Amino acid sequence: MKTVTIKLDPSRVEDFVKYSYLVLRDPKYRDILKVQQWILYYLREFLYEKGFTELLAPMASPCSDPGLRGARKLKTKLYGVEYELTSSVIMYKQASVAGFGKVFFVARNIREEPPENLKTGRHLCEFTQLDVEWAHATIDDVMSLAEDMIIYTLKKVGEKCGEILEKYGVELRVPSKPFKRLRYIDAVELLEKHGYMTPEGKEFTQEGEAALSKIVGDFVWITHYPVTSRGFYYLPDSSYPEYNRDFNLLLPEGYGEVIDGGEREYRPEKIRERIKSLGEPLEKYSWFLELIDIGIPPSAGFGLGVERFTRYVMKLKYIWEAVPFPKVPGVAPSP
Ligand code: AMP
Ligand code: MG
């Protein structure tokens, strides 16, 4: 074996990505990925104990999540038929709760993020969601579940990985329940006071999101996003119909969004209306529409970004330090 002298510097992202086949020779990155292994271990352990069943996620589907903030889906073909590579497993989750009631996937997602998202330090093009769904649950049920899951995982990881955390000077604070909550409209107002404008009817800007997560200074739920800002699968609030029964969880210290979720739309006529309003052809969604015509239970759930959570735990400046072979916005080719 040759001796290599390349210095891996995550702030020089192009080189870091180019030489990512060497990253695992660096003890720092081995430590980070060891911590990530235990994060996944305890997230799974928690959900198994709560009666959730883990399913394997599809990699290709005729239609994947259309509600991506400016990111593009990747297309492929199977026997001449167009498919999309998985950008989220939302529809498969809704299909699965009819059988299992409580399910989760550890799903790899691929999205061509706009190149400018490189500078957020929290966007990858290939990332992993711990994707949880629960039949007949409300947003309060799943937000409470997510709080317990995060508290459990941080506590266990702190105990298991104490030596590694100490080595990097990381102090892992375990939050207490319940986490703070802010409605979207109040968060928009708070951001405005700090000089960040949110485009009307849209999610926060990347800068606004990071700022909000600093301003609040703790884990914070943002709830009730405008219907116009999100995918078709969220349930509008009956007493507040321009807003969904949905939420994001923002990490403290500017690390930004780590969870996205809500109660799901399950009524066939409403789903058709919402898909059309997004300008998407109904035919693409034929399997899902056939399924909802047969009927699915109402459900609620969420997706947690595993690399974002690892980044937060290890207090990393860049998310590409929390994945062995990163694909990052605007950089290709890569290993
Ligand atoms: P979304 O459906 O886009 O809200 O994604 C759900 C969760 O996946 C987010 O809350 C993040 O934790 C994570 N996530 C989304 N996009 C990315 C990305 N480009 N890179 C890393 N993690 C992401
Ligand atoms: Mg989101």
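For the structure itself, consult the block above.
Let me sum up the structure you'll find in this document. Computed from a predicted structure; not experimentally measured.

1. Some thoughts on the site of ligand 1
Right, so step 1: Around ligand 1 there are 15 residues in total, and Arg-111, Glu-113, Leu-124, Glu-257 and Asp-260 lie nearest to it.
Right, so step 2: Measuring from a nitrogen atom of ligand 1, one finds a backbone N or O atom of Leu-124 at 2.8 Å.
Right, so step 3: Contacts to ligand 1 include Arg-308, whose side-chain N or O atom sits 3.4 Å from a nitrogen atom.
Right, so step 4: When isolated, ligand 1 has an accessible area of 470 Å², and the protein chains bury 92% of it.
Right, so step 5: Cavity membership is defined here by more than half of the atoms lying within 2 Å of grid points; on that basis ligand 1 lies in the largest cavity.
Right, so step 6: Within the residue set of the shell around ligand 1, elements represented by two or more residues are strand S6 (126–135), strand S12 (256–263) and strand S13 (299–305).
Right, so step 7: At 4 residues, the largest contribution of residues to the shell around ligand 1 is made by S12.

2. Brief notes about the packing of aromatic side chains
Right, so step 1: The tally for this structure, following the rule as stated, stands at 25 aromatic pairs.
Right, so step 2: Between Phe-52 and Trp-134 the ring centres are 6.0 Å apart and the planes differ by 80°, which places this aromatic pair in the edge-to-face class. Pair noted here: Phe-52 is in the loop between helix H2 (27–49) and strand S1 (53–55) and Trp-134 is in strand S6, with a separation of 82 residues, a long-range link.
Right, so step 3: Relative accessible area serves as the criterion here: at 4%, Phe-52 is assigned to the buried category.
Right, so step 4: Ring centres of Phe-232 and Phe-288 lie 6.1 Å apart, and the angle between their planes is 55°; on these two criteria the pair is classed as tilted.

3. Points about the nonpolar core
In globular proteins that are soluble, nonpolar side chains generally tend to be buried together.
Right, so step 1: Within the largest apolar cluster, 64 residues are counted, with the highest numbers of intra-cluster contacts made by Leu-47, Leu-130, Ile-150, Ile-259, Phe-302, Leu-304 and Val-313.
Right, so step 2: Apart from residues no more than four positions distant in its own chain, Leu-304 is found in contact with Leu-43, Thr-128, Gln-129, Leu-130, Met-149, Ile-150, Val-258, Ile-259 and Phe-309.

4. Considerations on empty space enclosed by the protein
Right, so step 1: Inspection of every chain in the model, using the stated rule, returns 1 cavity of 30 Å³ or more.
Right, so step 2: Counted as a void, the largest cavity has a volume near 570 Å³.
Right, so step 3: Arg-111, Phe-127, Gln-129, Glu-257 and Asp-260 are, among the 36 residues lining the largest cavity, the residues nearest its centre.
Right, so step 4: Those elements giving two or more residues to the lining of the largest cavity turn out to be helix H3 (90–100), S6, S12, S13 and helix H10 (306–314).
Right, so step 5: Looking at the lining of the largest cavity element by element, the count peaks at 5 residues for S12.
Right, so step 6: Residues of the lining of the largest cavity, tallied by class, amount to 12 nonpolar, 10 polar and 14 charged.

5. Some thoughts on helix H8 (residues 268–277)
Right, so step 1: Residues Ile-271, Arg-274 and Ile-275 constitute the buried set of H8. Seen end-on, H8 carries its buried residues on one side only, within an arc spanning 100°. Away from its buried face, by an angle of more than 90 degrees, H8 presents the exposed residues Lys-276 and Ser-277.
Right, so step 2: Buried residues along H8 sit against strand S9 (236–237), strand S10 (240–244) and helix H9 (286–294).
Right, so step 3: Phi turns positive one or two residues past the end of H8, at Gly-279, with a value near 75°.

Cut-off values and rules
- Residues numbered from 1 in each chain as written.
- Chains lettered and ligands numbered in written order.
- Predicted model: local features only at pLDDT ≥ 70, side-chain atom pairs only at ≥ 80, totals over all residues.
- Heavy atoms only, no water.
- Near = heavy atom within 4 Å.
- Polar contact = N/O pair within 3.5 Å; in protein donor to acceptor, adjacent residues only side chain to side chain.
- Areas by Shrake-Rupley, 256 points an atom, 1.4 Å probe, with all protein chains shown as cover.
- 1 Å grid on protein atoms, 1.4 Å probe; cavity = no way out; pocket = protein on both sides within 12 Å on 5 of 7 lines; lining within 4 Å.
- Sits in = over half its atoms within 2 Å of the grid points.
- Helix = DSSP H or I, 4+ residues; strand = E, 2+ residues; numbered from the N terminus.
- Phe/Tyr/Trp six-rings, centres within 6.5 Å; stacked < 30°, edge-to-face > 60°.
- Buried < 20%, exposed > 50% of the residue type's maximum accessible area, 1.4 Å probe, protein only.
- Core = buried A, V, L, I, M, F, W, Y, C linked by side-chain atoms within 4.5 Å.
- Contact = heavy atoms within 4.5 Å.
- Points joined across faces, edges and corners; volume = space filled by probe spheres on them.
- Nonpolar A, V, L, I, M, F, W, Y, C, P; charged D, E, K, R; others polar.
- Arc of directions from axis to C-beta.

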